[in-house]
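Residue strings, one per chain:
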Amino acid sequence: MKDTIEENKNRDKEIILMAIETSCDETSVAIVKNGREVLSNQIYSQIDIHQQFGGVVPEVASRNHLEKIPHIIEAALEESKVSYEDLDGIAVTYGPGLVGALLVGLSTAKAIAYGLHIPLIGVHHIDGHIAANYIEDPHLEPPFVCLVASGGHSHLVYVKDYGEYEVLGRTRDDAAGEAFDKIARALKLGYPGGPLIDQKAKEGNSHAIEFPRSYLEGDSYDFSFSGLKSSVLNYLNSCKMKGKEIVVEDVAASFQQAVVEVLANKTIKAALEKKVDKVCLAGGVAANSALRRAMKDLAGKNGLELGYPSPILCTDNAAMIGAAGYYQYRQGNLKDLYLNAVPNLPLILKKNIG
């Protein structure tokens, strides 16, 4: 390796990482300096390809990653004006996600790490989403509570330190973003559902239909949206059977409100219990305008600071993987070339554990 971790710490040198993210249907490569400065964040989205199927087709995603990743790497290096020789390490998502998609990014990262004799840093996808907040706010430091909500994940996480987490709650069935996609499909809005529901909801009445809010047991921070999803589908079927007009905008707004209330209330409750002074959002659903408004309102009423990434950093991207990878690099959490993709990787990260 170029330098040991301790040598880098002692010299306080700048750390430049290449990061790769291919967990689902975005092929992304970033060059990140010192965990917070993004020199390049190249993202190739496959949304147009998968729209015709109404969702992500794993095999199609993997083939497109394989085809695009060499070009995305070159684009990132060119934009950042960084050469391979300047890299101190390479960070890559190794789970959770689609196993075929993960393997494309992981195999590429291994090849580069081996060829350049630089460290390989395996990053948990949710760790990356949380770390997107460090890029957005250069002054943000743990501890804080973070709501990670996306198409595949709904996690409420107490961030004790960099890379050190306590998972307070998670989805028991559908993730928030998955519920958005399914209701958008039922309303014939298209894919991906989150932005389309958000757009329609702005034209509707969020209290037109009182869909259920699932808080589960009184002390639980887990999430469940399957009952809400069923309630919306039953409402739509009932309207069709009775010949009643379906106001798409009202359904979208009422459904979204039911999701947002639960997410926001549980997040603020967790922050107060953990006695932190700030909360953060992360993941694709963090870009939802209603969720941001609700969180801002509740956080303000409870004297909490709210942070969330820019929309481009809410979606799957490699810059967030580079940010998370930086802190693991500084802590010595490196991986060897036997690292494999783990599609159901749990978020159990501790300091100084490789």
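As a reminder, the structure under discussion sits directly above these lines.
Report on the accompanying structure. Bear in mind the structure is a predicted one, so any value in this text is a computation, not a measurement.

Strand order across the open sheet formed by five strands is β3-β2-β1-β4-β5, with mixed pairing between neighbours. Strands with a single pairing partner mark the edges of an open sheet, and in this sheet they are β3 (37-45) and β5 (120-124). Neighbour-to-neighbour, the strand axes of the sheet open up by a mean angle of 20 degrees, direction not taken into account. As paired strands, strand β1 (residues 16-21) and strand β4 (residues 89-95) are joined by four bridges and run parallel to one another. From the neighbouring strand, M18 faces β4, where its bridge partner is I90. Contacts from helix α5 (residues 125-136) reach β1, β3, β4 and β5, with the element oriented near 95 degrees to β5.

Attention now goes to empty space enclosed by the protein. By the definition in use, this model includes one cavity of 30 Å³ or more. Looking at the largest cavity, the residues that line it are D127, A131, Y134, Y162, G163, Y165, A324 and Y327. When residues in the lining of the largest cavity are grouped by element, the largest group, three residues, is from α5. Residue classes in the lining of the largest cavity are distributed as six nonpolar, one polar and one charged.

In this structure, the amide linkage connecting G95 to the following residue, P96, adopts the cis form with an omega of -15 degrees. By the element assignment, P96 lies in the loop between β4 and α4 (99-116). The omega torsion of the bond from P142 to P143 falls at 5 degrees, within 30 degrees of zero and hence cis. Position of P143 among the secondary structure elements: in the loop between α5 and β6 (144-149). With phi around 60 degrees, K81 is a residue other than glycine that occupies positive phi space.

Right, let's talk about the packing of helix α8 (residues 226-242) against helix α9 (residues 248-274) for a bit. Where α8 meets α9, the axes come as close as 11 Å, and the angle between the chain directions of the two elements is 165 degrees. Considering the angle they form, α8 stands roughly antiparallel to α9. Taken as a pair, α8 and α9 cross one another with a handedness that is right-handed. Contacts between α8 and α9 involve L228, V232, Y235 and L236 from the former and V251, F255, A258 and V259 from the latter. For the contact of α8 with α9, the residue count by class is eight nonpolar, no polar and no charged.

Below, the discussion takes up the packing of helix α3 (residues 58-80) against α4. At their nearest, the axes of α3 and α4 sit 8 Å apart, and the two run at 30 degrees to each other. Here α3 runs over α4; the crossing is right-handed. Here α3 contributes S62, H65, L66, I69 and I73 to the contact with α4, which in turn contributes G100, A101, V104, G105, T108 and I112.

Okay, the layout of surface pockets next. Put simply, the largest pocket is a space of about 1300 Å³. Forming the boundary of the largest pocket are 49 residues, of which C24, S150, G151, G152 and D181 lie nearest the centre. When contributions to the lining of the largest pocket are tallied by element, the ones reaching two or more residues are α5, α6 (176-186) and α7 (193-201). If one sorts the elements of the lining of the largest pocket by residue count, α6 sits on top with six residues.

By size, the foremost hydrophobic cluster in this structure holds 46 residues, and its most contacted members are F255 and L263. Among the elements of the structure, β6, β7 (154-161), α6, α7, α8, α9, β9 (278-282) and α10 (289-301) are those that each provide at least two residues to this core. At 13 residues, α9 tops the list of elements feeding residues into this core. In this structure, L263 is in contact with L147, A176, F223, F225, V285 and L291, ignoring residues within four places of it in sequence. Listed in part, the 35 residues of the second largest apolar core include V32, F144, V157 and Y165.

So, on to α8. End to end, α8 covers 24 Å across 17 residues, agreeing with the expected 24 Å (1.5 Å per residue, within 8%). Next to the buried residues of α8 lie α6 and α9. One or two steps after α8, the chain reaches G243, where phi turns positive at roughly 70 degrees.

Conventions adopted
- Residues numbered from 1 in each chain as written.
- Predicted model: local features only at pLDDT ≥ 70, side-chain atom pairs only at ≥ 80, totals over all residues.
- Heavy atoms only, no water.
- Pairing = 2+ DSSP bridges.
- Helix = DSSP H or I, 4+ residues; strand = E, 2+ residues; numbered from the N terminus.
- Axes fitted to C-alpha atoms, helices over the stretch in contact; angles between N-to-C directions.
- Contact = heavy atoms within 4.5 Å.
- 1 Å grid on protein atoms, 1.4 Å probe; cavity = no way out; pocket = protein on both sides within 12 Å on 5 of 7 lines; lining within 4 Å.
- Points joined across faces, edges and corners; volume = space filled by probe spheres on them.
- Nonpolar A, V, L, I, M, F, W, Y, C, P; charged D, E, K, R; others polar.
- Parallel < 35°, antiparallel > 145°, perpendicular 65-115°, else oblique.
- Left-handed = near helix turned anticlockwise from the far one by under 90°.
- Core = buried A, V, L, I, M, F, W, Y, C linked by side-chain atoms within 4.5 Å.
- Buried < 20%, exposed > 50% of the residue type's maximum accessible area, 1.4 Å probe, protein only.
- Expected span 1.5 Å × (residues − 1).

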